[in-house]
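Chains, contacts and geometry: an overview
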Amino acid sequence: MSSFIEKIKERAKQDKKTIVLPESMDRRTFEAAAQVLKEDIANLIIIGTEEEIAKNSEGLDISKAKIINPFTYEKTEDYLNLFVELRKNKGLTYEDAKKTALGDYMYYACLMVKAGDADGVVSGACHSTANTLRPSLQIIKTKPGVKLVSSFFVMVVPNCEYGENGVFVFADCGLEQNPDSEKLAAIAQCAAESFELLVEKEPRVALLSHSSMGSAKHADVDKVVEAVRIAKENAPELKLDGELQLDAAIVPSVGASKAPNSPVAGKANVLVFPDLDAGNIGYKLVQRLAKAEAYGPVTQGIAMPINDLSRGCSAEDIVGVVAITCVQAQAK
Ligand SMILES: CC(C)(COP(=O)(O)OP(=O)(O)OC[C@H]1O[C@@H](n2cnc3c(N)ncnc32)[C@H](O)[C@@H]1OP(=O)(O)O)[C@@H](O)C(=O)NCCC(=O)NCCS
Ligand SMILES: CC(=O)OP(=O)(O)O
């Protein structure tokens, strides 16, 4: 376990938050829950029926978790009414709300957070990102002043001198499929804030491309160049630059040769990918080939922390994302 995640766990313990785990159909949820409770990182609510809980938690101590059966819980009616109220402009009926929230615990979990009964949600070990994040986009929405929810991974690369001693934020690797320049600029600014909150160091943001400072010509490059312009205009105080190839962004000698005047080249610790193909493939390459810890997709720009996981995650990854969710909730 890296010192990054140990520090995050310590921060989570200082002001304990309540996190909902809706995936009672997956054994890893309970393995993670037992660990979170043993280490006293967070208060946990697990959503599920008695059968689901019993089947998947056998042999694990989750006695300190609050178990909520949505079919019998006394507040379910309030949550359903809240759902109807929030989505009335979309024509959501009570019957549809009931079917949706009881048929998909992610909706139920988001409603609990929206109602103020929990501080965050972690899910996605056995649900796709689209199905995990759609309920949060519909119910929790963006935080004030932010137009876009996006996502990032905290990557902790072992034996790595690049980034912040091997710690990076990679964005967006989970949500926005083909961001235009304006969205890319927003992702970069949010990623810088996420880095500052979680890593507690100054972010140095590189907007990645297959080109460094004009070395290639293509509309895809132009998109990144324009994103850099917008981000610099919106946040002139940020250390942010591009367009940069990955080696120019993180390797000091290559940065000095390909982008000699850049304040970020060779030193970037926040990597912003031009689209979701690059971001998702990029994080999985680093996770699997460099054996990096990969925590996410963590959301940014959302009003309350509702975070996703890869279906390839381990129970330990879930524990890490729960701790990160607590630290985000402390900052709300
Ligand atoms: C997350 C995702 C499902 C949302 O798109 P969608 O299902 O088509 O959702 P919609 O466009 O119908 O939007 C649903 C709601 O979310 C909102 N929304 C969608 N994307 C948003 C964003 N990035 N930020 C803020 N709100 C957003 C919409 O405005 C809409 O709100 P409304 O229903 O209140 O009007 C989609 O972006 C997606 O599939 N992303 C890729 C996920 C993925 O497969 N990742 C790879 C593995 S990690
Ligand atoms: C983040 C991600 O790629 O999720 P999954 O592996 O579940 O598709």
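Residues numbered from 1 in each chain as written. Chains lettered and ligands numbered in written order. Predicted model: local features only at pLDDT ≥ 70, side-chain atom pairs only at ≥ 80, totals over all residues. Heavy atoms only, no water.

Under an unreviewed UniProt entry, the name given to the protein is Phosphate acetyltransferase, and the source organism is Qingrenia yutianensis. UniProt annotates the protein under Sequence similarities (unreviewed entry) with the comment "Belongs to the phosphate acetyltransferase and butyryltransferase family." Checking UniProt for the protein, the heading Pathway (unreviewed entry) contains the comment "Metabolic intermediate biosynthesis; acetyl-CoA biosynthesis; acetyl-CoA from acetate: step 2/2." (UniProt positions renumbered as here; feature names shortened; annotations may be inferred.)

**Comments concerning the confidence of the model for the protein**
Put simply, the protein has an average pLDDT of 97, and 100% of its residues get 70 or more. Among the scores for the predicted complex, ipTM is 0.97 and pTM is 0.97. (pLDDT = per-residue confidence, 0-100.)

**Regarding the site of ligand 2**
Every residue close to ligand 2 is listed here: Thr-129, Phe-153, Asn-280, Tyr-283, Lys-284, Pro-297, Ser-310 and Arg-311. Asn-280 places a side-chain nitrogen or oxygen 2.9 Å from an oxygen atom of ligand 2. Residue Ser-310 places a side-chain N or O atom 2.7 Å away from an oxygen atom belonging to ligand 2. Across the complex, the protein chains shield 86% of the 260 Å² of accessible surface that ligand 2 would expose by itself. The leading source of residues in the shell around ligand 2 is helix α12 (residues 276–289), at three residues. (Near = heavy atom within 4 Å. Polar contact = N/O pair within 3.5 Å; in protein donor to acceptor, adjacent residues only side chain to side chain. Areas by Shrake-Rupley, 256 points an atom, 1.4 Å probe, with all protein chains shown as cover. Helix = DSSP H or I, 4+ residues; strand = E, 2+ residues; numbered from the N terminus.)

**Details of the environment of Lys-99**
Its place among the elements puts Lys-99 in helix α5 (residues 94–103). Along the primary structure Lys-99 and Ala-33 are separated by 66 residues, whereas in three dimensions their C-alpha atoms are 27 Å apart.

**Description of unusual backbone geometry**
Note: most residues except glycine have negative phi, and most peptide bonds are trans. With an omega of -20°, the peptide bond running from Ala-171 to Asp-172 counts as cis. Looking at the element boundaries, Asp-172 is found in the loop between β6 (167–171) and α8 (181–199). Between Gly-242 and the following residue, Glu-243, the backbone shows a cis peptide bond with an omega angle of 0°. Within the element layout of this structure, Glu-243 appears in strand β8 (residues 239–244).

**Examining the UniProt feature "domain: Phosphate acetyl/butaryl transferase" (unreviewed entry) in the protein**
UniProt annotation of "domain: Phosphate acetyl/butaryl transferase" (unreviewed entry) refers to residues 3–326 when read in the numbering used here. Across residues 3–326, helical content stands at 45% and strand content at 16%; the span's end C-alpha atoms are separated by 17 Å.

**Some details on the packing of aromatic side chains**
The way to describe two aromatic rings as a pair is by their centre distance and the angle between their planes. Applying the stated criterion to the full structure yields seven aromatic pairs. Each ring, one from Tyr-79 and one from Tyr-108, has its centre 5.3 Å from the other, and the planes form 90°; the classification is edge-to-face. Of this pair, Tyr-79 sits in helix α4 (residues 76–86) while Tyr-108 sits in helix α6 (residues 105–114); the two residues are 29 residues apart in sequence, bridging distant segments of the chain. We note that Tyr-79, like Tyr-108, is buried. Taken together, the aromatic side chains of Tyr-73, Tyr-79 and Tyr-108 make up a single cluster linked through ring pairs. (Phe/Tyr/Trp six-rings, centres within 6.5 Å; stacked < 30°, edge-to-face > 60°. Buried < 20%, exposed > 50% of the residue type's maximum accessible area, 1.4 Å probe, protein only.)

**Focus on the packing of α4 against α6**
Two elements in contact, α4 and α6, have axes whose closest approach is 10 Å; the angle formed by their N-to-C orientations is 90°. The orientation of α4 with respect to α6, classified from their angle, is roughly perpendicular. Within the contact between the two elements, α4 uses Thr-76, Tyr-79, Leu-82, Phe-83 and Leu-86 and α6 uses Tyr-107, Tyr-108, Leu-111, Met-112 and Lys-114. For the contact of α4 with α6, the residue count by class is eight nonpolar, one polar and one charged. (Axes fitted to C-alpha atoms, helices over the stretch in contact; angles between N-to-C directions. Parallel < 35°, antiparallel > 145°, perpendicular 65-115°, else oblique. Contact = heavy atoms within 4.5 Å. Nonpolar A, V, L, I, M, F, W, Y, C, P; charged D, E, K, R; others polar.)

**What to know about the nonpolar core**
Formed by 62 residues in total, the largest nonpolar core has its most connected members in Phe-4, Leu-44, Val-154, Leu-207, Val-322 and Ile-324. Residues within four places of Val-154 in sequence aside, it is in contact with Phe-4, Val-167, Phe-168, Val-169, Leu-198, Glu-293, Ala-294, Tyr-295 and Ile-324. In this structure, Tyr-108, Ala-109, Leu-111 and Leu-133 belong to the second largest nonpolar core, which totals 31 residues. (Core = buried A, V, L, I, M, F, W, Y, C linked by side-chain atoms within 4.5 Å.)

**Quick look at the site of ligand 1**
Near ligand 1 there are 17 residues, and of these Arg-87, Lys-90, Arg-134, Lys-141 and Glu-176 occur at the shortest range. Between an oxygen atom of ligand 1 and a side-chain N or O atom of Lys-141, the distance comes to 2.5 Å. Leu-175 places a polar main-chain atom, nitrogen or oxygen, 2.9 Å from a nitrogen atom of ligand 1. Protein chains shield 65% of the accessible area of ligand 1, which is 940 Å² for the free molecule. Mapped by element, the contributors of at least two residues to the shell around ligand 1 are α7 (129–139) and α12. The biggest single contributor to the shell around ligand 1 is α7, with four residues. Of the residues assigned to the shell around ligand 1, the class counts are seven nonpolar, five polar and five charged.

**Quick notes on helix α9 (residues 219–234)**
Here α9 contains 16 residues, and its C-alpha end-to-end distance of 23 Å stays within 8% of the 22 Å for a straight helix at 1.5 Å per residue. Within α9 the residues assigned to the buried category are Val-221, Lys-223, Val-224, Ala-227, Val-228, Ile-230 and Ala-231. Close packing links the buried residues of α9 with α8, β7 (204–208) and β8. (Expected span 1.5 Å × (residues − 1).)

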